[in-house]
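Chain by chain, the residues:
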Amino acid sequence: GPSGDGRIKPDLSAYSMVGSSNSAALVSGTVLLMQQQFLAQWGFFPTADLIRAVLIAGAEDLDDPGPDYQRGFGNMNAFESVEILKGNQFIQDTLRSEMQSYSVNVSQSIQKLTVALAWTDPPANPGDEITLINNLDLKVVAPDGSIILPWILSRESVLESLQSSAIRGVDDVNNVEVVSFEVDDPGLYTLEVSGRLLMANEQGFSIAYKADTSDLFTWDYPLKGSHMPYNGETGTYFRWSSTLKSTLGDLYYSYREDANWTLIRSGLDLSDGYWRWDAAMSMSPGLVDAMMVVGLDTFKTEVFTVSTSLDANVGFDCGDSVLLQWPHTTSVNTYLIKQPGERYLEDLVLVEDSLFLLSEPINSLFSITPIVGNFELLPSYTFDYREQQSGCFIQSFYQEVEVSLGIYLNVQLGSVYG
């Protein structure tokens, strides 16, 4: 950024190890989750300006306070944005001519307040120097009467100016405005929305706000039943949110059945909010707890699973019967066989053995999920047994000629079952 008329771009950042294409997919997927959450609560879909306000209010501010032209208003945080929707921390209204105000009660435990205003502005004419049609303004009035204005950036076409930190001021170009500040005094804060220039009779808008609690530590990942590693193939990140005064913590894990805590890493910087765990890929499958120790305080995760994808295969395909099989894992109680239903994989049968015999199956697609207690470990890929090139017991049969020794006949069986 900025855009040609000085608008802040990008609006938001999303981090991906494999590039911007995957980042875009992460944002799209997050928006779908937000739409699903809103639909479940209200029975209809949210507007685009509400989604934009909630995404920006929930984002993690990076480096200096306020936006910049490298990463916009911060790094997307899907969890925080969905929590804003679940907590009804948003306002939707229509501005006509008069100023409209809304009150937010900020308790003593709140450390920081972030308020985002967004609206879908009518299109400008091609070539317009300033493309903002309806100019709305946001300001926050503190309990003592002081006014807090939005963050703005320099639009001067000089590299040094474009790299300078955000300051507070009146915004004349963006259809997103953000006010964020450290809370000094608890009490009633007033959010004021006004229109300095409205070309139409009315303009709809959305406000989203997030209150960060002080002296709080919460786990963002893993949650109950999460998988580590998440796909069975790569390292996975522990993720947390911390507003503790202490800045360092020690991370431990323990298998649920033995409750002996093993140190993973000491001296983690809590302000980072994440740490990559590669060792989980080589651990034996099972149910695991983790905890962060900060001084004399401990913060435990909910139980999660450590596992890699199950390697299922076809023992034989004899036309009238098919045998599915997989390696047995000592910690696993049962295995759940699933098949695709109308929209999702659906449960077919629960077995205790590491094989499953089917007679004249109609559906040829299967997936096998190991079960430990009441939790599912990572399943096998969903596979079509007809495409595995498995014969009726005999997977391969070929000869080898060894000079002066003779002819070897090699037979490989898919299974010795039966």
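Everything that follows concerns the structure shown earlier in this document.
Residues numbered from 1 in each chain as written. Predicted model: local features only at pLDDT ≥ 70, side-chain atom pairs only at ≥ 80, totals over all residues. Heavy atoms only, no water.

So, the pairing of strand S23 (residues 345-351)
Selection criterion: DSSP bridges decide pairing: two strands pair if at least two such bridges lie between them. Put simply, DSSP marks the helices as runs of H or I at least four residues long and the strands as runs of E at least two long, and each gets a number from the N terminus on.
Pairing of strand S22 (residues 334-340) with S23, which is carried by six bridges, proceeds in the antiparallel orientation. In the strand pairing of S23, Lys338 is matched with Asp347. Taking the residues that link successive antiparallel strands as the turn, the S22-S23 hairpin has four residues.

Side note on the packing of aromatic side chains
Keep this limit in mind: When the centres of two rings from Phe, Tyr and Trp lie within 6.5 Å, Trp using its six-membered ring, the rings pair. Their planes under 30 degrees apart give stacked, over 60 give edge-to-face, and anything left gives tilted. Burial classes follow relative accessibility: with a 1.4 Å probe on protein chains only, a residue under 20% of its type's maximum area counts as buried, one over 50% as exposed, and anything between as partly exposed.
As enumerated under the stated definition, the model contains 20 aromatic pairs in all. Pairing Phe38 with Phe90 gives two aromatic rings, centres 5.9 Å apart and planes at 45°, and the pair type is tilted. Of this pair, Phe38 sits in helix H1 (residues 20-42) while Phe90 sits in strand S1 (residues 90-95); the two residues are 52 residues apart in sequence, bridging distant segments of the chain. Relative accessible area serves as the criterion here: at 1%, Phe38 is assigned to the buried category. Note on Phe238 and Trp277: the rings are 5.2 Å apart at their centroids and 35° apart in plane angle, and the pair reads as tilted.

A few points about the pattern of salt bridges
Stated formally: For salt bridges, the criterion is a side-chain nitrogen of Lys or Arg within 4 Å of an Asp or Glu carboxyl oxygen.
Applying the stated criterion to the full structure yields 14 salt bridges. The partner of Glu83 in a salt bridge is Lys86, with the nearest N and O atoms 3.3 Å apart. Placement of the pair is Glu83 and Lys86 together in helix H3 (residues 78-86), with a separation of three residues, close to one helical turn. On the basis of relative accessible area, Glu83 is assigned to the partly exposed category, the value being 30%. Ionic pairing is found between Lys210 and Asp212, a salt bridge with its closest N-O pair at 3.8 Å. Taken individually, Lys210 and Asp212 each receive the classification buried, so the pair is uniform in this respect.

Let's talk about the packing of H1 against H3
Cut-off, in case you're wondering: Fitting a line to C-alpha atoms yields each axis, with helices limited to the stretch in contact; the angle taken between N-to-C directions then spans 0 to 180 degrees. Geometric relationships in this document are graded by angle, where less than 35 degrees denotes roughly parallel, more than 145 denotes roughly antiparallel, 65 to 115 denotes roughly perpendicular, and other angles denote oblique. Handedness of a helix crossing follows the sense of rotation of the near helix relative to the far helix, less than a right angle counterclockwise being left-handed and clockwise being right-handed. By the convention used here, residues are in contact when the closest approach between their heavy atoms is within 4.5 Å. Under the scheme applied here, ten amino acids are nonpolar (Ala, Val, Leu, Ile, Met, Phe, Trp, Tyr, Cys and Pro), four are charged (Asp, Glu, Lys and Arg), and all others, including Gly, are polar.
H3 packs onto H1 with a crossing angle of 15° between their chain directions and a minimal axis gap of 10 Å. Viewed along their axes, H1 and H3 adopt a mutual orientation that is roughly parallel. Of the two elements, H1 crosses H3, and the hand of that crossing is right-handed. Here H1 contributes Thr30, Met34, Gln37, Phe38 and Gln41 to the contact with H3, which in turn contributes Ala78, Ser81, Val82, Leu85 and Lys86. The residue inventory of the contact of H1 with H3, partitioned by class, reads five nonpolar, four polar and one charged.

Remarks on helix H2 (residues 48-58)
Of all eleven residues that make up H2, nine are buried, and the element is covered over most of its length. Along H2, the positions that sit buried rather than exposed are Asp49, Leu50, Ile51, Ala53, Val54, Leu55, Ile56, Ala57 and Gly58.

Quick look at unusual backbone geometry
Here the amide bond leading from Lys9 into Pro10 is cis, since omega sits at -5°, within 30 degrees of zero. Here Pro10 lies in the segment before H1. Here Met228 and Pro229 are connected by a cis peptide whose omega angle stands at -10°. With respect to the element layout, Pro229 can be found in the loop between strand S12 (227-228) and strand S13 (236-242).

Focus on the sheet that holds strand S24 (residues 355-359)
Spatially, S20-S21-S24 is the arrangement adopted by the three strands of the open sheet, whose pairing is antiparallel. Bordering the open sheet on either side are strand S20 (313-317) and S24, each of which pairs with just one other strand. The average angle at which neighbouring strand axes cross in this sheet is 20°, direction not considered. As paired strands, strand S21 (residues 321-325) and S24 are joined by five bridges and run antiparallel to one another. If you follow Leu323 over to S24, its bridge partner there is Leu357.

Comments concerning the state of the cysteines
As a reminder, the rule being used: Pairs of cysteine sulfur atoms within 2.5 Å are identified as disulfides in what follows.
A complete count under the given rule lists one disulfide for this structure. Residue Cys318 pairs covalently with Cys392 via a disulfide, S to S 2.0 Å. Residues Cys318 and Cys392 are joined through a disulfide that is right-handed, its torsion about the S-S bond being 95°. Of this pair, Cys318 sits in the loop between S20 and S21 while Cys392 sits in the loop between strand S27 (383-384) and strand S28 (394-402), placing them 74 residues apart in sequence. Owing to a relative accessible area of 43%, Cys392 belongs among the partly exposed residues under this scheme.

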